[in-house]
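Each chain, letter by letter, is given below.
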Amino acid sequence: MVVKILIEIIVLWLIFFLYMWLLVGRGKGKMGAIQFYPKLVQKRVVECGLTSEQNIKNKSICCGVLLLLIDIIVPFMMIYFINGGRSYWDFVWQWCVLFMGQELYDWLVVDVYWVACTDWWIIPEAHDLEYLWHDPKIKFKGKIKLYIITPVISLILGGICYGLSLLIF
C-alpha cells in the first residue's frame, strides 16, 4: 500500500505540473497566475494596465474551481478504484496523505524553488514588492499553516469522497 500511495503522489505531482502549465504555459507567462500574487502586487499590475480586476477575479474563480475538482476527483478515483477504499476513514486518511504529498511538490518545487528562488515570477512593474512573497521563509510559514489544517480538511473532503462513493456506486 505504501508503494501504491507513493506512486499516486507522483501522479498527483504530474497533474499539478500540468495545472501550472495551463496557467503560465503557452505564452501566458507570470500574468497567467497573477491571482496567486499578494493583493498589493495585483493592485500594482492593474494600475500599470497589465490586467484588470475583473480578469484577476475570473482567473481566481476558474483556477480555484479547477484545483478543487482536481483535489476531489483524482484522489477519489485513486482511493476508490485503485486502493479499494470503501469506508469513511479509508477516504479520510488516504485523502490526507495524498493531499500532503501533492502539497509537498507545490511547496518545494513550485513555491520554494520556482517562485521564491528564481526570478521568473518577478513582474518588473512590481519588483519593489518582492518582499511580500519572493522569500522561501514566507512560503514555509504558509505551508506549515496548511499542513496544520489538512487533517480537518481531510475530514470534510474525505467525507465528500465517501459520500460520492455511496451515491455513485
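Going along each chain's sequence as written, the residues are numbered from 1 onward. Since the coordinates come from a predicted model, pLDDT governs what is reported: local features require at least 70, and pairs of side-chain atoms require 80 or more to be given and counted, while whole-chain, interface and lining totals use all residues. Side-chain measures were taken over the full set of non-hydrogen atoms in the model, leaving aside hydrogen atoms and water.

1. Focus: the overall build of the chain
As a reminder of what qualifies: What counts as a helix is a DSSP run of H or I of at least four residues, what counts as a strand is a run of E of at least two, and both are numbered from the N terminus. Each residue is assigned to one of three classes by its accessible area relative to the maximum for its type, calculated with a 1.4 Å probe on protein chains only: buried under 20%, partly exposed between the two thresholds, exposed over 50%. Contacts are assigned to residue pairs with any non-hydrogen atoms lying within 4.5 Å of each other. Per-residue and other accessible areas were derived by the Shrake-Rupley procedure at a 1.4 Å probe size, with only the shown protein chains allowed to occlude residues. Think of it this way: Lys and Arg go in the positive column, Asp and Glu in the negative one, and His and the chain ends go nowhere. Charged side chains are reduced to one point each, which is NZ for Lys, CZ for Arg, CG for Asp and CD for Glu.
If you tally the helices and strands in the chain, you get five helices and zero strands. Shown N-terminal to C-terminal, the secondary structure of the chain runs as helices and strands in the order α-α-α-α-α. For the chain, the spread of C-alpha atoms along the three principal axes comes to 50 × 30 × 30 Å. Counting every position in the chain, which comprises 169 residues, the buried fraction comes to 40%. When contacts within the chain are restricted to residue pairs at least 6 apart in sequence, long-range pairs at least 24 apart make up 69% of them. Of the accessible surface of the chain, which amounts to about 9500 Å², a share of 73% is contributed by carbon and sulfur atoms. Charge-centre separation for the chain: the mean point of 15 positive side chains lies 3 Å from the mean point of 13 negative side chains.

2. Some remarks on the packing of aromatic side chains
Short version of the rule: Put simply, two rings from Phe, Tyr or Trp (the six-membered ring, in Trp's case) pair if the centres are within 6.5 Å, and we call them stacked under 30 degrees between planes, edge-to-face over 60, tilted for the rest.
This structure, assessed with the given rule, holds 17 aromatic pairs. Between Phe76 and Phe81, the ring centres sit 6.5 Å apart and the planes meet at 85°, which makes this aromatic pair edge-to-face. Plain terms: the ring middles of Tyr80 and Phe81 are 5.2 Å apart, the flat faces sit at 80° to each other, and that makes the pair edge-to-face. Of the aromatic side chains, those joined through ring pairs into one cluster are Phe76, Tyr80, Phe81, Tyr88, Trp89, Phe91 and Tyr162.

3. Some points on the nonpolar core
To be explicit about the condition: Take the buried Ala, Val, Leu, Ile, Met, Phe, Trp, Tyr and Cys residues and link them wherever side-chain atoms come within 4.5 Å; each set so joined is a nonpolar core.
Formed by 37 residues in total, the largest nonpolar core has its most connected members in Val41 and Trp121. By residue number, the principal contributor to this core is helix H3 (residues 53-82), which donates nine residues. Once residues within four sequence positions are removed from consideration, Val41 is found in contact with Ile34, Ile123, Ala126, Leu129 and Trp133.

4. What about the environment of Leu157?
You can see Leu157 is positioned in helix H5 (residues 136-168). For Leu157, a relative accessible area of 10% gives the class buried. Residues Leu157 and Phe76, 81 residues apart in the sequence, show an inter-C-alpha distance of 9.5 Å. In contact with Leu157, not counting residues within four places along its chain, are Ile72 and Trp95.

5. A few points about the confidence of the model for the chain
Definition in use: As a per-residue measure, pLDDT tells how confident the predictor is, with possible values from 0 to 100.
Looking at the chain as a whole, its pLDDT mean stands at 93, while 100% of the residues score no less than 70. Put simply, H5 is where the chain has its lowest mean pLDDT, 91, and helix H2 (residues 39-47) is where it has its highest, 97.

6. What to know about helix H1 (residues 2-24)
What counts is decided by this rule: The length a helix should cover is 1.5 Å for every residue beyond the first.
Look at H1: 33 Å from first C-alpha to last across 23 residues, which is about the 33 Å you get at 1.5 Å a residue. By the burial criterion, the buried members of H1 are Ile5, Glu8, Ile9, Leu12, Phe16, Tyr19, Met20, Leu23 and Val24.

7. What about the pattern of salt bridges?
Rule in force here: Each salt bridge in this description consists of a side-chain nitrogen of Lys or Arg and a carboxyl oxygen of Asp or Glu lying within 4 Å of one another.
On inspection of all chains with the given rule, the structure shows five salt bridges. Linking Lys143 and Asp111 is a salt bridge whose minimum nitrogen-to-oxygen distance equals 3.8 Å. Taken together, the residues Lys143 in helix H5 and Asp111 in helix H4 (residues 88-116) connect sequence positions 32 residues apart. What emerges from the salt-bridge pattern is a single network uniting Glu103, Asp106, Asp111 and Lys143.

8. Some details on the state of the cysteines
Put simply, the rule reads: Sulfur atoms of two cysteines make up a disulfide when they are within 2.5 Å.
Per the counting criterion, the structure on display carries zero disulfides. Take Cys63: it sits in no disulfide, and the sulfur closest to it among the cysteines is that of Cys62, at 6.8 Å.

9. Brief notes about H3
In this model H3 runs 42 Å from its N-terminal to its C-terminal C-alpha over 30 residues, within 8% of the 44 Å that 1.5 Å per residue would give. Each element contacted by the buried residues of H3 is listed here: H1, H2, H4 and H5.

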